[in-house]
Amino acid sequence: MMSTAQELHPAPTLEPGRTILELRGLEKRYPGTHALKPVDLAFKAGEIHAIVGENGAGKSTLIKLLTGVMPRTSGDVIWEGKPAALATPHEAMALGINAVHQEVVLCRHLTVAANMFLGEEDARFGILQQRAMVRQAQKIIDDLGFDLPAHVMLGDLTIGQQQLIAAARATVRGTKFLIFDEPTAYLTRKEADQLFTLIRRLKGEGVTIIYISHRMEEVFELADRVSVLRDGTLVGTRNIAETNDAELVKMMINRSIEQVYHKEHFTFGATIVEARNLSGKGFENVSMSVRAGEIVGLYGLIGAGRSEFVTTLYGRHRKSAGQILWEGKEVKVNSEHDAIRLGMALAPESRRDQGLCLNLPVGLNLNLPIYKRISSNLLISRAQEKAQADRQIADLRIKTPTRSALASSLSGGNQQKIVIGKWLAHGAKLFIFDEPTVGVDVGTKAEIYRLFGALLSKGAGIILISSYLPEVYELADTLHVFRRGKLVATHGFRTADHEEILTQALAEKQERPGGRI
Amino acid sequence: MSTEAIAAERPKRNYNALFGLTLLALLVLLWVILSVATPSFASANNISNLLRQGSMIAILAVGQTFVIITGGIDLSVGAVVGFATVVVAMLINAGTPVFLAILITLLVGVAIGMFHGFGIVKMGLPPFIITLATLTSLRGIGLLMTNGNSISINNDAFQTFSRSSFVGVPNLFWMVILVGIPAFIFLHHSRWGRYLFSVGSNAEASRLSGVNVQRTIYMAYTLSGLCAAFVGVLLASRIGIGNPTQAEGWELQAIASSVIGGTSLFGAVGSVHGPLLGAFILATINNGANLLNVNAFWQRIITGVLIIVIVYFDGLRRRGK
């Protein structure tokens with residue numbers, strides 16, 4: 001698929017090495033944080049330039065400055081040889097700078113076509129040319145090789161498909177410089193392949209691509225050059241051919257790659273929870289159990305029924321059949337409340353929609369499950385509220401100026417730490433982590449995995465859901481594979497290879513076998 | 001969120017306290033200007049009158065704020081006030097002891113609030129719709145009960161209450177304090193207060209964190225209904241009649257007070273002291289405009305402009321942070 005795309009779109013004649021955008025001493029300070037220390041960097045026209053770095057390393061800040069969302073504190077941006085103010089998003093777009101964000105920022109209640117033409121609708125005498133727009137949009141989508149309809153509501157598509165539409169939208173806007181911020185975080189492998197085809201095609205058309213990702217294999221698959229940010233500083237830029245995973249990880253975190261997947265083995269204790277022939281909306285007839293000291297991994301594509309299964313176990317949704325046994329006894333879990341009382345904790349899939357109260361303080365988010373415990377009768381103990389929040393912030397090394405900073409002001413990885421941290425204060429016997437490392441950098445990932453070990457050593461059990469195979473593969477003691485709402489296979493720790501598991505999850509021959517998934 | 005937070009909350013505390021102080025400064029400024037501009041403003045009589053005027057909206061605004069913090073709205077409060085005047089008047093005239101009559105009226109307010117909670121939680125109706133429906137139907141029920149007439153309350157003691165003062169301060173204003181202090185403790189120092197904020201911010205996240213979202217919503221509307229019924233009792237005492245068409249438009253004044261006091265209609269932002277100050281700022285403007293012989297029609301326009309200006313500056317301040 002990749003090679004054909006490149007054949008169709010031969011590289012255009014560009015002066016090689018021409019600089020399209022140059023940063024000179026670009027700097028950003030927020031009250032209390034120096035988010036980006038003076039950065040000098042030149043982007044070449046038509047290159048795919050990856051930017052990697054931990055959470056809070058300054059990647060998001062850089063994007064915001066380049067897209068005019070935030071004003072810079074000092075420094076210059078030189079666009080095609082001339083200084084650019086980049087004071088507003090509009091100015092950036094007018095120059096041809098666009099961004100595709102990690103989480104889709106489009107209108108779910110409009111059609112795909114309406115979203116693609118949002119802001120530059122085709123109208124004749126003030127009347128929208130709806131059918132013409134749908135036709136045009138469909139043509140663009142078909143051209144890109146996405147198998148998606150243009151006339152449906154955007155909200156009816158999966159997150160991954162919406163991401164593809166967002167990318168397609170950016171291509172129709174005379175874009176010369178396109179920034180992708182973790183675009184594959186919510187994509188299946190197939191969707192990611194489609195996106196890569198699109199990116200290569202854009203490169204072929206001379207568009208400069210900035211590709212921000214935590215996934216090293218994507219960086220090596222796509223990029224020409226890679227820049228590493230750490231703590232707001234540009235550590236270095238490398239040609240992709242002259243570097244490797246180990247060097248980049250080391251530049252990012254000063255730590256070697258072997259230390260990331262931190263796996264400790266414990267002797268398993270008694271069974272904590274058992275699902276017997278559990279069915280519900282989105283999954284059917286699932287049986288599995290979790291023992292103390294065990295990580296049970298659930299692997300499958302997004303929409304395979306894994307999240308539905310655990311949220312039903314957690315009482316969020318009603319089961320339609322089957323039994324739940326807690327420590328050997330059958331229990332009724334009719335609400336989240338019941339689940340929490342039994343000793344379950346859920347760190348849900350979407351931080352923004354399910355995990356956090358974004359416009360409330362970090363401290364309130366951390367304490368939310370335990371307010372009952374830190375209240376005496378009527379009143380909250382202010383001292384305990386403070387102490388509990390500060391303890392989690394310190395233990396998990398959550399980067400926040402104070403516990404009263406709003407959760408929305410933190411970077412993705414630090415937000416994820418809040419989602420997990422609130423359950424550490426509460427305590428539980430069964431921890432369910434649904435995609436705990438989506439949009440999280442290598443350093444935070446390693447911290448989260450280390451935390452798993454700490455929980456297991458205290459006799460807890462863990463259900464780990466991931467769409468990222470190496471994660472469940474390296475960590476799970478028992479690995480269940482889900483496909484279309486059914487549990488289709490079960491493996492022990494490293495007893496099957498990646499290809500076999502993938503085939504089971506996809507039920508189609510994998511086009512690209514091998515380690516890099 | 002509260003004014004006396006702890007050291008580490010410094011940035012936020014300053015900012016909230018500052019807004020509270022700005023409102024207080026605005027109120028004092030208005031009072032100074034009016035004292036200079038009109039001879040009668042600073043008289044004990046007028047100040048008492050002003051406090052009486054502002055008190056009832058202030059209590060409504062507190063209940064309203066609880067609801068708005070959860071991301072909802074309670075349009076019914078004015079109608080509940082009118083309906084409560086009828087209920088309390090009928091009970092008293094029927095010979096029910098005043099204490100019991102008041103208690104029953106308050107329970108009616110609670111029941112109306114529970115009904116709102118039921119409509120939102122169980123029937124899935126938007127708050128705007130269910131409370132709008134109550135607004136219109138409660139007025140209707142009240143009119144049916146009274147045949148469209150006013151009911152004169154034949155109990156002097158009941159009426160004297162709202163006209164009397166205690167240590168120089170009108171009893172009605174004492175009622176604001178009676179409601180305000182528990183409300184402040186509830187919102188800023190109890191876990192239920194935290195839950196109101198968390199539900200308003202993200203109901204799903206709160207639910208998954210073990211917060212009983214349904215109960216929280218019931219609680220907010222019940223408290224709003226209770227405050228409204230209480231104001232109905234106070235109004236009946238003040239005007240000496242029960243009349244279902246009283247308190248027309250008070251829901252909007254309560255919402256305006258709340259918003260002027262810094263409550264965000266998107267939920268998860270608000271306090272107790274803000275709406276109280278907001279209500280007295282509105283009362284001062286109306287009172288001052290009367291004294292200055294400003295056309296009553298202008299008063300409405302001034303209120304509208306004030307809402308825009310204050311909320312605009314509040315928005316600037318938030319963004320500036």
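As a further point, take the overall build of chain A. Each helix and strand counted, chain A has 18 helices and 24 strands in total. Radius of gyration (C-alpha) of chain A: 24 Å, near the 24 Å computed for a compact globule of 517 residues. The principal-axis extent of the C-alpha atoms belonging to chain A is close to 70 × 55 × 50 Å. Buried positions account for 56% of the 517 residues belonging to chain A. Within chain A, counting contacts between residues at least 6 apart in sequence, those at least 24 apart form 67% of the total.

All names here are of chain A. Domain annotation of chain A identifies domain 1 (2-257), domain 2 (282-343 + 429-464 + 475-501) and domain 3 (357-427). Between domain 2 and domain 3, the C-alpha centre-to-centre distance is 24 Å. Across the boundary between the two partners, domain 2 contributes 12 residues, which contact 11 residues of domain 3. Summed over both sides, the interface of domain 2 with domain 3 buries roughly 950 Å², with 72% coming from carbon and sulfur. On the domain 2 side of the contact with domain 3, F431, E447 and L451 bury the most area, a combined 38% of that side's loss. Across the contact surface, domain 2 and domain 3 share one salt bridge.

Here we come to helix α15 (residues 412-426) of chain A. Residues and elements named next belong to chain A. Helix length check: α15 (15 residues) gives 22 Å between terminal C-alpha atoms against 21 Å at 1.5 Å per residue, within 8%. Along α15, the helix axis deviates most sharply at I420, where the bend reaches about 25 degrees. Counted residue by residue, α15 has 13 buried out of 15 residues, so it is predominantly covered. Positive backbone phi, approximately 85 degrees, marks G427, located one or two places after α15.

This next bit is on the pattern of salt bridges. All names here are of chain A. A full pass over the atoms with the stated rule returns 23 salt bridges over all chains. Here E27 makes a salt bridge to R29, at a shortest N to O gap of 3.5 Å. The class of E27 is buried, set by a relative accessible area of 11%. Here the salt bridges do not stand alone but share partners, grouping K386, D390 and R403 into one network.

Glancing now at the packing of helix α2 (residues 44-69) of chain B against helix α10 (residues 213-239) of chain B. All names here are of chain B. Across the interface, α2 lies against α10 with an axial gap of 6 Å and an inter-helix angle of 165 degrees. In terms of orientation, α2 and α10 fall into the roughly antiparallel class. Where α2 crosses over α10, the two elements pack in a sense that is left-handed. Seen from α2, the contacting residues are N49, R52, M56, I59, L60, G63, Q64, F66 and V67; seen from α10, they are A220, Y221, L223, S224, C227, A228, F230, V231, L234, L235 and R238.

Another aspect to go through is the pairing of strand β15 (residues 295-299) of chain A. Residues and elements named next belong to chain A. Most of β15 is tucked away, with five of its five residues classed as buried. Taken together, the five bridges between β15 and strand β22 (residues 461-466) define a ladder with parallel strand orientation. Across the sheet, residue V296 finds its bridge partner in β22, namely I463.

Okay, the pairing of strand β24 (residues 486-492) of chain A next. Residues and elements named next belong to chain A. Pairing analysis gives six bridges linking strand β23 (residues 478-483) to β24, with the strands arranged antiparallel. Paired with V481 across the bridge in β24 is A489. The loop that links β23 with its antiparallel partner β24 comprises two residues; one of these, R484, has a positive phi angle of about 45 degrees.

Below, the discussion takes up a nonpolar patch on the surface. Residues and elements named next belong to chain B. The grouping of W298, I301, I302, V305, V309, Y312, F313 and L316 at the surface amounts to a nonpolar patch, some 750 Å² of accessible area in total. Considering the arrangement of structural elements, one finds W298 in helix α13 (residues 296-320). Take W298: its relative accessible area is 49%, and that puts it in the partly exposed class.

Contact residues are listed per partner, giving 36 residues for chain A and 29 residues for chain B. Of the roughly 2900 Å² buried at the junction of chain A and chain B (both faces included), carbon and sulfur atoms supply 55%. For chain A, the biggest contributors to the area lost against chain B are R316, L368 and R382 of chain A; these three give 21% of the whole. Taken together, the connections running from chain A to chain B amount to three salt bridges. At the junction of chain A with chain B, the criterion picks out 13 residue pairs in polar contact (both at pLDDT 80 or more). Secondary structure elements with two or more residues in the side of chain A that touches chain B: α11 (336-342), α12 (351-355), β20 (379-380), α14 (382-395) and α15 of chain A. Per-element tally for the side of chain A that touches chain B: the top contributor is α12 of chain A, with four residues. Counted by class, the side of chain A that touches chain B contains 18 nonpolar, eight polar and 10 charged residues.

So, how was this worked out
Residues numbered from 1 in each chain as written. Chains lettered and ligands numbered in written order. Predicted model: local features only at pLDDT ≥ 70, side-chain atom pairs only at ≥ 80, totals over all residues. Heavy atoms only, no water. Helix = DSSP H or I, 4+ residues; strand = E, 2+ residues; numbered from the N terminus. Rg over C-alpha atoms; globule rule 2.2 N^0.38 Å. Buried < 20%, exposed > 50% of the residue type's maximum accessible area, 1.4 Å probe, protein only. Contact = heavy atoms within 4.5 Å. Domains from an automatic or database assignment. Buried area = accessible area lost by both parts, 1.4 Å probe. Salt bridge = Lys/Arg side-chain N within 4 Å of Asp/Glu carboxyl O. Expected span 1.5 Å × (residues − 1). Bend = angle between axes of the 7 residues up to and from the residue. Axes fitted to C-alpha atoms, helices over the stretch in contact; angles between N-to-C directions. Parallel < 35°, antiparallel > 145°, perpendicular 65-115°, else oblique. Left-handed = near helix turned anticlockwise from the far one by under 90°. Pairing = 2+ DSSP bridges. Patch = residues over 30% accessible without salt bridge, like charges linked within 9 Å, V, L, I, M, F, W, Y side chains within 5 Å. Areas by Shrake-Rupley, 256 points an atom, 1.4 Å probe, with all protein chains shown as cover. Polar contact = N/O pair within 3.5 Å; in protein donor to acceptor, adjacent residues only side chain to side chain. Nonpolar A, V, L, I, M, F, W, Y, C, P; charged D, E, K, R; others polar.

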